[in-house]
Amino acid sequence: MKFNTKAIHYGAIHDKQFGAHVSPLYQTSTFVFDDCAQGGDRFAGRDSGYKYTRLGNPNTNEVAARVAALDETDAGLYTSTGMSAVSTALLGLLKAGDHFIASDCLYGGTVAVINKVITQYGIEMEYVKVNDEDAFRNAFRPNTKVVYIETPANPTLELIDIEMAAKIAHEHGAALIVDNTFMTPYLQKPICLGADVAVYSVTKYINGHGDVVGGIITGKQAFIDKINNPHLLNLGGTGSPFDAWLVARGLKTLGLRMEKHCENAMSVARYLEKHPKVDRVYFPGLESFPQYALAQKQMKLFGGMIAFELKGGYEAGEKLLNHLELISLAVSLGGVDSLIQHPASMTHAAVPPEEKVKAGITDGLVRISVGIEDIEDLIADLDNGFKYV
Ligand SMILES: *Cc1c(COP(=O)(O)O)cnc(C)c1O
């Protein structure tokens, strides 16, 4: 099956009792056993039937397995949020005494969970410019167990060569985790490029409609098993069946939506690049993007996220953002409607100032998540906003 067919059909639940065409919603916390022997068999793992929704549910399993299939890998886990996917994957593959390497430009919540939680448990780490191969190789220690990267990075869109990162991580006996939220399996397949685990905030493109927070972890079976049991099952980051059911609905149109996001973002990036009040545009699809060649190599298309710097810095950005009408001033991304925000004071407010400088998150940086509205209306809204700058 090809991508869109899988996104619609893979693992769909066919209801034998009523013949419902769409996977039914199993909004239940627990499951009834026929008898004590069956209950015992389920808890002992001799019977794979359902027991209790924290430990597994048809809707959460359906959508996680489908995203794993789209990633062309073995298995998936559904989690309550993207941060639950990130933290459970890290805690699942690391223990006290281990060391890990993370790329130096990451989602603000990921930096916060690393700095404030994970490193409080005897796990050591270092932020490294993974693209700098020498710096990356030098960061490994005998106890380095994981390399964690995000590409394109949030918010600067800097890319990391996944094949290179996987090769070097594996040479050192470390696993590679890739946050693939910005790309989705439609645009980039981390496991096919050599990674062991991919994490997603399905809050973003995978659900795509701005009405759910959720996460998914996909990857090779041995890694997924370890992250699931004992970690996800006991830490309890399992997501809700209803949210998973909505995500499965959104996922059906992922391919179509991503095509339109990419097309619109390319038009907005070209518009911004030509705009006299804009200093720099960061978009992997522009020939001026320093890693344009890498973008063409590992991404099918260039995504829907753009960052740009205004000549007038923060004050100019504030005027623009306060005068947009169609494009909403809000964090989050990847929904059908366009959103704009200021990373330094919003999504990345938790990143310490020196790490912000290293990651290129300046006060003048603005991030836009380009939706799938008609492009003429998006440009008209930006044109109107720029009048106040
Ligand atoms: C939003 C986001 C997350 C966290 O996801 P939540 O669903 O908000 O918990 C992690 N990584 C990236 C790249 C994100 O954009």
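Before reading further, recall that the structure is shown in the block above.
Remember, it's a predicted structure, so these values are computed and weren't measured experimentally.

Asks: Honestly, the overall build of the protein in this entry has me stumped. Any pointers?
Replies: Within the protein, the secondary structure is distributed over 15 helices and 12 strands. The globule rule puts the C-alpha radius of gyration for 389 residues at 21 Å, and the 21 Å found for the protein is close to it. Intrachain contacts of the protein at a sequence separation of at least 6 include 73% that bridge at least 24 residues. Of the roughly 16200 Å² that the protein leaves accessible, carbon and sulfur atoms contribute 54%. Placing the 35 positive and 45 negative side-chain charges of the protein at their respective mean positions leaves the two points 2 Å apart.

Asks: Sorry if this is basic, but what is going on with the site of the ligand here?
Replies: If you check the shell around the ligand, you find 14 residues, and the closest are Met83, Asp179, Ser201, Thr203 and Lys204. A distance of 2.8 Å is found between an oxygen atom of the ligand and a side-chain nitrogen or oxygen belonging to serine 201. Threonine 203 is positioned such that a nitrogen or oxygen atom in its side chain is 2.6 Å from an oxygen atom of the ligand. For the ligand, whose free accessible area comes to 380 Å², the fraction covered by protein is 93%. Split by residue class, the shell around the ligand holds four nonpolar, seven polar and three charged.

Asks: Got a minute to help me understand the nonpolar core in this structure?
Replies: Core analysis: the largest hydrophobic core is formed by 65 residues, its most contacted members being Tyr78, Leu272, Val281, Ile306, Phe308 and Phe386. Per element, the largest residue contribution to this core is eight residues, and it comes from helix H11 (residues 254-274). Taken domain by domain, the makeup of this core includes at least three residues from each of domain 1 (3-251) and domain 2 (254-386). In terms of nonpolar packing, the next biggest core, distinct from the first, is built from 29 residues, Ala85, Val86, Ile118 and Tyr148 among them.

Asks: What is the right way to look at the packing of aromatic side chains in this model?
Replies: Each aromatic ring pair is described using two quantities: the centre-to-centre distance and the angle formed by the ring planes. In the structure shown here, the tally under the stated rule is seven aromatic pairs. On the numbers, 6.3 Å between centres and 50° between planes, the contact of tyrosine 271 with phenylalanine 386 is tilted. On the criterion of sequence distance, the pair formed by tyrosine 271 in helix H11 and phenylalanine 386 in helix H15 (residues 375-386) is long-range, its members being 115 residues apart. In this pair, the class of tyrosine 271 matches that of phenylalanine 386, namely buried. Over the ring of phenylalanine 43 we find lysine 51, and its NZ or CZ is 5.7 Å from the ring centre.

Asks: It is not clear to me how a nonpolar patch on the surface should be interpreted in this structure. Could you clarify?
Replies: A grouping of Leu329, Val331 and Met346 is seen on the molecular surface, where their side chains present a nonpolar patch of about 240 Å² in accessible area. Within the element layout of this structure, leucine 329 appears in strand E10 (residues 328-329). Take leucine 329: its relative accessible area is 42%, and that puts it in the partly exposed class.

Asks: Please explain the sheet that holds strand E12 (residues 365-369) as it appears in this structure.
Replies: For sheets, the rule is that strands pair by backbone hydrogen bonds, running either parallel or antiparallel. Judged by pairing direction, the sheet is mixed, and its five strands sit side by side in the order E8-E9-E12-E11-E10 without closing on themselves. The open sheet has two edge strands with one neighbour each: strand E8 (278-282) and E10. Where strand E9 (residues 305-310) meets E12, five bridges bridge the pair, whose relative direction is antiparallel. Across the sheet, the residue bridging to glutamate 309 is leucine 365, located in E12. Here H11 sits on the sheet and contacts E8 and E9; the angle it forms with E9, its principal contact strand, is near 10°. Together, E9, E10, strand E11 (339-341) and E12 form the strand contacts of helix H13 (residues 313-322), whose direction differs from that of E9 by roughly 125°.

Asks: Which parts of the structure should I look at to understand the environment of asparagine 138?
Replies: Counting through the fold element by element, asparagine 138 comes out in helix H6 (residues 133-139). Accessibility expressed as a relative area gives 66% for asparagine 138, which makes it exposed. Considered as a pair, asparagine 138 and serine 240 are 102 residues apart in the sequence and their alpha carbons are 42 Å apart.

Asks: Mind showing me how you'd approach the sheet that holds strand E7 (residues 215-219) here?
Replies: As summarised here, the arrangement of the seven strands in space is E1-E7-E6-E5-E4-E2-E3, forming an open sheet in which the pairing is mixed. Each end of this open sheet is capped by a strand with a single partner; those strands are strand E1 (75-79) and strand E3 (124-128). Averaged over all adjacent pairs, the angle separating strand axes in this sheet is 20°, with direction ignored. As judged from the four bridges shared by strand E2 (residues 99-103) and strand E4 (residues 144-150), these two strands associate in the parallel manner. Along E4, the bridge assignment pairs isoleucine 101 with valine 147. Of the strands in this sheet, E1, strand E6 (197-201) and E7 touch helix H3 (residues 58-70), which is tilted by about 130° from E1.

Asks: Could you clarify how one ought to interpret the side chain of glutamine 298 in this entry?
Replies: Within the fold, glutamine 298 resides in helix H12 (residues 292-298). Looking at glutamine 298, its side chain comes within polar contact range of the main-chain nitrogen of isoleucine 162, at 2.9 Å. Discounting chain neighbours no more than four positions away, the residues touching glutamine 298 are Thr151, Ile160, Asp161, Ile162, Leu187, Gln188 and Leu193.

Asks: Looking at this structure, how should I read the pattern of salt bridges?
Replies: Counted under the stated rule, the structure contains 15 salt bridges. Two residues, arginine 66 and glutamate 62, come together in a salt bridge whose shortest N-O distance is 2.7 Å. Of the two residues, arginine 66 and glutamate 62 both sit in helix H3, four residues apart, roughly one turn of that helix. Salt bridges sharing common partners tie together Lys95, Asp98 and Lys145.

Asks: Honestly, unusual backbone geometry in this entry has me stumped. Any pointers?
Replies: In most cases, non-glycine residues show a negative phi, while peptide bonds are predominantly trans. Each neighbour pair has its own omega, and for threonine 151 with proline 152 the value is -5°, a cis peptide bond. Tracing the chain through its elements places proline 152 in the loop between E4 and helix H7 (162-171). One non-glycine residue, glutamate 72, lies in positive phi territory at about 55°. Although it is not a glycine, threonine 184 sits at a positive phi angle of roughly 65°. Note that threonine 184 resides in helix H8 (residues 184-187).

Reading the values: the criteria
Residues numbered from 1 in each chain as written. Predicted model: local features only at pLDDT ≥ 70, side-chain atom pairs only at ≥ 80, totals over all residues. Heavy atoms only, no water. Helix = DSSP H or I, 4+ residues; strand = E, 2+ residues; numbered from the N terminus. Rg over C-alpha atoms; globule rule 2.2 N^0.38 Å. Contact = heavy atoms within 4.5 Å. Areas by Shrake-Rupley, 256 points an atom, 1.4 Å probe, with all protein chains shown as cover. Lys, Arg positive; Asp, Glu negative; His and termini not counted. Charge placed at Lys NZ, Arg CZ, Asp CG, Glu CD. Near = heavy atom within 4 Å. Polar contact = N/O pair within 3.5 Å; in protein donor to acceptor, adjacent residues only side chain to side chain. Nonpolar A, V, L, I, M, F, W, Y, C, P; charged D, E, K, R; others polar. Core = buried A, V, L, I, M, F, W, Y, C linked by side-chain atoms within 4.5 Å. Buried < 20%, exposed > 50% of the residue type's maximum accessible area, 1.4 Å probe, protein only. Domains from an automatic or database assignment. Phe/Tyr/Trp six-rings, centres within 6.5 Å; stacked < 30°, edge-to-face > 60°. Lys NZ or Arg CZ within 6 Å of the ring centre and 35° of its normal. Patch = residues over 30% accessible without salt bridge, like charges linked within 9 Å, V, L, I, M, F, W, Y side chains within 5 Å. Salt bridge = Lys/Arg side-chain N within 4 Å of Asp/Glu carboxyl O. Pairing = 2+ DSSP bridges. Axes fitted to C-alpha atoms, helices over the stretch in contact; angles between N-to-C directions.

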